[in-house]
Amino acid sequence: MAWSCARGSVGWVLGKRSSHRRWRDSGTGSPGKRSQHQEAFGQPSQARGVILEADLLRARSWTLFMFVCPFHHRLFCDSVILPAGLRRSLRACSTGKTRALESGGPRQGGGLPRRLGGAVRPRREEAEGPAAPGAGREPPEPPRAVPPLRGRAEGSRAGAAAGRAGAMLLRLAPEFQLRRDVLPWLAERGCAAALDTSENSSALYVVNVERNGKVIYTWKGNQRNTHIGLYDLQTKQNEHLYMFEKNLHIISCSINNERTLLAVSFCQYTEEERASQLLQSVSKYLTLLIEIHPINNVRVLKAVDSCVRVQFLYPVEGRNASRESRLLLVSEDKYIEQYDIHVVAEEHKVVIQKSGQLPRAKVVDDLVWAQWDMMEQRLFYIVPKESKSTLRCVQFYPEENFNSILESHLDIAVNDTQLKLVNFGYDYCQDQDVASKSLNLQVFTSKAGGLCVCCSLASDIPHEIIYSIYFLHKGYNKTFTVSLERTKSNQFKEVAFMNLDYYVAAYLPGQFLHLLNIQHPDMLCYSLFLTGEDARIDMLQNCSIRSPWVSAVLDCNAGSLYDVSISDSALLQFLQKSKRDCERLAALHCALLYFQHTEDLEMQIIRWISENLSTCHSFNPIQEFIIASLYCRMCPETQNLDKLLPYTSLHDWIGVVPGVICATDIISLPVLEFQNSKGFWEKLNSNLESVKYAEPHLHYHSKVLRREWRNLSEEREERRTTAYLRNIFENAKKVLSHLDTWDSEARLVPLFEEEDYQQQLLMGLMVAQLKDHLMRHLQYVGKKKIDQIVLDYVANLLNLVHRIMKEVWRRYQLHSCIFCFDERGSAGEFAVFHIMSRILEAANGMCMPLPPGFHTLHLGLGVRCLPLHTLLHYIDSGILQLTETCVRKLLKDLDDTEQNEKLKFSIVMRLPEALGQKVRQYWNHPINANLIARKYVKLLLEKLGNRQGSRPIPERLSVPVEFLPLNYLTDMLAEIENQGVHPYEKQDHVNARFVEETALKHTMTLLGLKYS
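The rules behind each value
Residues numbered from 1 in each chain as written. Predicted model: local features only at pLDDT ≥ 70, side-chain atom pairs only at ≥ 80, totals over all residues. Heavy atoms only, no water. Phe/Tyr/Trp six-rings, centres within 6.5 Å; stacked < 30°, edge-to-face > 60°. Helix = DSSP H or I, 4+ residues; strand = E, 2+ residues; numbered from the N terminus. Buried < 20%, exposed > 50% of the residue type's maximum accessible area, 1.4 Å probe, protein only. Lys NZ or Arg CZ within 6 Å of the ring centre and 35° of its normal. Pairing = 2+ DSSP bridges. Arc of directions from axis to C-beta. Contact = heavy atoms within 4.5 Å. Core = buried A, V, L, I, M, F, W, Y, C linked by side-chain atoms within 4.5 Å. Salt bridge = Lys/Arg side-chain N within 4 Å of Asp/Glu carboxyl O. Axes fitted to C-alpha atoms, helices over the stretch in contact; angles between N-to-C directions. Parallel < 35°, antiparallel > 145°, perpendicular 65-115°, else oblique. Left-handed = near helix turned anticlockwise from the far one by under 90°. Nonpolar A, V, L, I, M, F, W, Y, C, P; charged D, E, K, R; others polar.

> Would you mind going over the packing of aromatic side chains with me for this structure?
Two measures describe an aromatic ring pair: the distance that separates the ring centres and the angle between the ring planes. Within this structure, the stated rule accounts for 20 aromatic pairs. Where tryptophan 185 meets tryptophan 219, the ring centres are 6.0 Å apart and the plane angle is 85 degrees; that geometry is what we call edge-to-face. A residue pair is termed long-range when its members are at least 10 positions apart, and tryptophan 185 in helix α3 (residues 178-188) and tryptophan 219 in strand β7 (residues 214-220) qualify at 34 residues. Considering the side-chain rings of tyrosine 217 and tryptophan 219, the 5.8 Å spacing of their centres and the 35 degrees angle between planes classify their relative orientation as tilted. Taking the relative accessible area as the measure of exposure, tryptophan 219 reaches 0% and is therefore buried. Of the aromatic side chains, those joined through ring pairs into one cluster are Trp372, Phe396, Phe402 and Phe424. The ring of phenylalanine 680 has arginine 378 sitting right over it, with the charged end atom 4.5 Å from the ring centre.

> Would you mind showing me how to read the sheet that holds strand β20 (residues 378-385) here?
Note: strands within a sheet are paired through backbone hydrogen bonds, in either parallel or antiparallel orientation. Pairing is mixed across the open sheet formed by 6 strands, whose spatial order is β23-β19-β20-β21-β22-β36. Only two strands of the sheet have a single neighbouring strand rather than two, namely β23 (420-422) and β36 (671-672).

> Sorry if this is basic, but what is going on with helix α20 (residues 884-893) here?
Side chains of residues three or four places apart in an α-helix project in the same direction, reflecting 3.6 residues per turn. Every buried residue belonging to α20 is among Cys886, Val887, Leu890 and Leu891, and all of these are buried. The arc that holds every buried residue of α20, seen down its axis, measures 125 degrees, which confines them to one face. Close packing links the buried residues of α20 with α18 (854-865), α21 (898-909) and α22 (913-919).

> Which parts of the structure should I look at to understand the nonpolar core?
Judged by nonpolar contacts, the single largest core of 170 residues is most densely connected at Leu170, Tyr467, Ile566, Ile626 and Met805. Element by element, the count of residues in this core is highest for helix α16 (residues 783-811), at 15 residues. Ignoring any residue separated from it by four or fewer positions in sequence, one finds isoleucine 566 in contact with Leu169, Leu170, Arg171, Leu500, Tyr503, Leu515, Cys590, Tyr594 and Phe595. One finds Ala370, Val383, Leu421 and Leu554 within the second-largest nonpolar core, a separate group that totals 36 residues.

> Help me understand the pattern of salt bridges in this model?
When the charged atoms of two side chains lie near each other, side chains of opposite charge can form a pair. A complete count under the given rule lists 29 salt bridges for this structure. A salt bridge links arginine 584 to aspartate 581, with the nearest nitrogen and oxygen atoms 3.6 Å apart. In this pair, arginine 584 and aspartate 581 are both assigned in helix α9 (residues 581-594), 3 residues apart and thus about one turn of the helix distant. Of the two residues, arginine 584 and aspartate 581, neither departs from the other in class, the shared state being buried. Bridged by salt links that share partners, the residues Glu599, Glu602, Arg633, Arg803, Glu807 and Arg810 form one connected network.

> Help me understand the sheet that holds strand β30 (residues 512-517) in this model?
Ordered by their spatial adjacency, 4 strands build an open sheet running β28-β29-β30-β31, and the pairing between neighbours is antiparallel. The outermost strands of the open sheet, each flanked by one partner alone, are β28 (496-499) and β31 (528-531). Strand-to-strand twist of the sheet, defined as the mean angle between neighbouring strand axes without regard to direction, takes the value 15 degrees. Across 4 bridges, β30 lies against β31 in antiparallel orientation. Looking at the pairing, histidine 514 lines up with phenylalanine 529 of β31. Across the sheet, α9 lies against β29 (503-508) and β31, angled at about 130 degrees from β29, the strand it touches most.

> Teacher, can you tell me more about the packing of helix α11 (residues 621-634) against α16 here?
In a pair of packed helices, the angle between the axes and the distance between the axes together describe the arrangement. At their nearest, the axes of α11 and α16 sit 10 Å apart, and the two run at 140 degrees to each other. The angle between α11 and α16 falls in the class oblique. As α11 runs across α16, the sense of the crossing is right-handed. Residues Ile622, Phe625, Ile626, Ser629, Leu630, Arg633 and Met634 of α11 lie in contact with α16, whose contacting residues are Ile789, Asp792, Tyr793, Asn796, Leu797, Asn799, Leu800, Val801 and Ile804. A per-class count over the contact of α11 with α16 returns 11 nonpolar, 3 polar and 2 charged.

> How should I be thinking about the pairing of strand β24 (residues 440-445) in this particular structure?
Counting buried positions along β24 gives 6 out of 6 residues, so the element sits mostly inside the fold. Where burial is concerned, the two faces of β24 agree: the one with Asn440, Gln442 and Phe444 and the one with Leu441, Val443 and Thr445 are both buried.

Written out as structure tokens, the structure is:
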């Protein structure tokens, strides 16, 4: 069935925003209404820009051959017949029995067509935005195709799935693997025979990972002896530390920083051996301190029936070797002790100085959960207190002391029957037994002062997972509920948590991967929730993983240590194929804030933005790109600047994240007790202070800037020379000169080549107001430093707009011929004009300045690309602004054909008075002279008033004119001129004689007579 789409109108349905509560986000419910009608060529219309629908569709007819799917009752474009040179074939997505068909043929099944040259879309989620104005002229040639973003999947669904299979969002780089790094070394030592048994999983395993990158592992020798080895991540070398001539089960092991002492805790026998050998009087667990430089004395620290973990404290990096070591002993009897060990050098060995009992101190008692932070030497632990649990932290210092520094009340029910330990060694068998009886809970910190408590909660529903993240630095808790699609009855349902510094990852193998933004967790749209192939991590197929430090994961079962990071290529691929605003916004922020800014990444994001300007319905991608880029560039320079600069253009986000339900609860802020502490604790305290003083109100916003800019823009000319305005324009000059020092090369885009009063006024005001804002909250920062921050911020803002324009300019291969108004604009210019209109919309929404020359360039493209009536509508609506440079060139370069006269006359009639006086003189035409004369007479008569005086006879024309009304008018005008009133002081030729001559010429023209 053939459908003809000519000069009709296209309807659309805008999704309505549902009500939203700040502290309750629902992941269920239907999304906003989808678009029911799509445009034949171009993008669907939208409400943001002022686009005339009739103008857009007044182009030549497009004929579409369509068909009706008998099963889904939908219309699909099978092929599109375009004008000469524009014909393209339509690509269809096919899965199963659905196949791509020839043009005009029937289609089986429900396969959806791919987009046609980036223009035809079958669904609103795939729509790219309104067709750029330009109907009424012959449609331009299509722009040159641009390569897709890196990692973009093309083709059928099967091909897309295959493309996704090769790109995982989390990239794991193996730092250490038992099979790769230890087994070959053991084989050289003749131990391979002992490892080639069915008990490999228990014969060789990782025991601990130290702060300095030393991995401690144990294995069984040929004679079933128990060996302890060490692998250095820096040198990639293995070292044998100690051997027990007995088959023991090593529970915990730690080596001091100087590698002179080894602490080992092990189980001497199993319960079956104890019963069979009647060894009731022998302790089950033994904790030893061994001198290993060289191997010498062995001292027993504990001989008890309760399990003990050991961990040496490490000094700060770069500190010289110490004669003292400190050792933590963690007992499952719910206490932790610290041993002070002094060593001395005797001949060629290092021995413990005291022969008696070692001095020790109780660190904490009655705890039910503990976690060791090896990198920062911190101990987090939980003690039960009434109906709640209290999280506390002990900070260990190099000066042999430790302090309790944090206390926070958590509404978490912790099993107090058995102690749960995290990062105190890795005894996989025992950890699995404890994990099945206790709460899965971990504490993560970030470099920016973030403190999170992650825990998975029990659910009464079989196919449901519940986990909570306590953002202690923000003062609230978010509880997430995920309904699993498929779950085997014996599947291990425990969420694994990973610390990625800027993000916390909640991962359930085979089900989902949730990347939660730590810095900005208030809105769910800044966190990524992935399922299916997007959530796949091939190297982590079980939940027996730990996060020993930031961006590191230890698979305890496999004995592998990985460096974890977010893959930039996979993230860009995900950004390109995402159809939901929440996914796009989260991926965009992740790309900008996690990876900081690189030229290649920035270029690909700009390309994605230019292709998806109108597919994002709940946020403006240009605004988010500019604000997030400025945030990540500026905040690292000064502490607490991240709390004063905006990181998003959204004040709130109304929407849902499919697949997950979130409930938010306010919690009490942690209590800190420290003095003169730097680093993490100082940043955490700053975060807590900002929460107390209403953090959203600290961010800079443009409400006051917009109001002040409007007031100053409406001031009269004589008031623009005040000292206040001189200071503002001086600020603008500093910004532009600061920007010139960055970009000394010849600019590809014709920007920064003229003065723009309005934009310079805006950028000067922004400098002044942003400076005042920072001075109020950064009083400890000097004025010179704040001046530099503000100049960098505004200059970076202008540079980002210029960068967008440069990438777009380069993509469509434009050049300076855009100011040749005698030619019609190409399709590339048409696309650039549309992008510039969206940049202008984004700038107006944020009240941010644009580079000088932007409006001139925008107007030049508009003159070349738009039909006259659409051009004038854009000017009247304020989308296009008349600038002196563009109007002067237009009046001078275009000849006075009938079409050009109509264009010039329409432009001249819309010029503001001040601008009109400057540029009308460049159009030597009777119409323009008539306009000037009329305006001149009007201004003089307005100033005449009731003045009386002598009426001298003005200088008359060489030919006497006997036309009394005209004589009387010229006499009156001459009288006013002689009184010193002259509206056009800079145009001396505009006077009473000019008016008289123009009036005569106009009259003769109307009468059809020749004027001489």
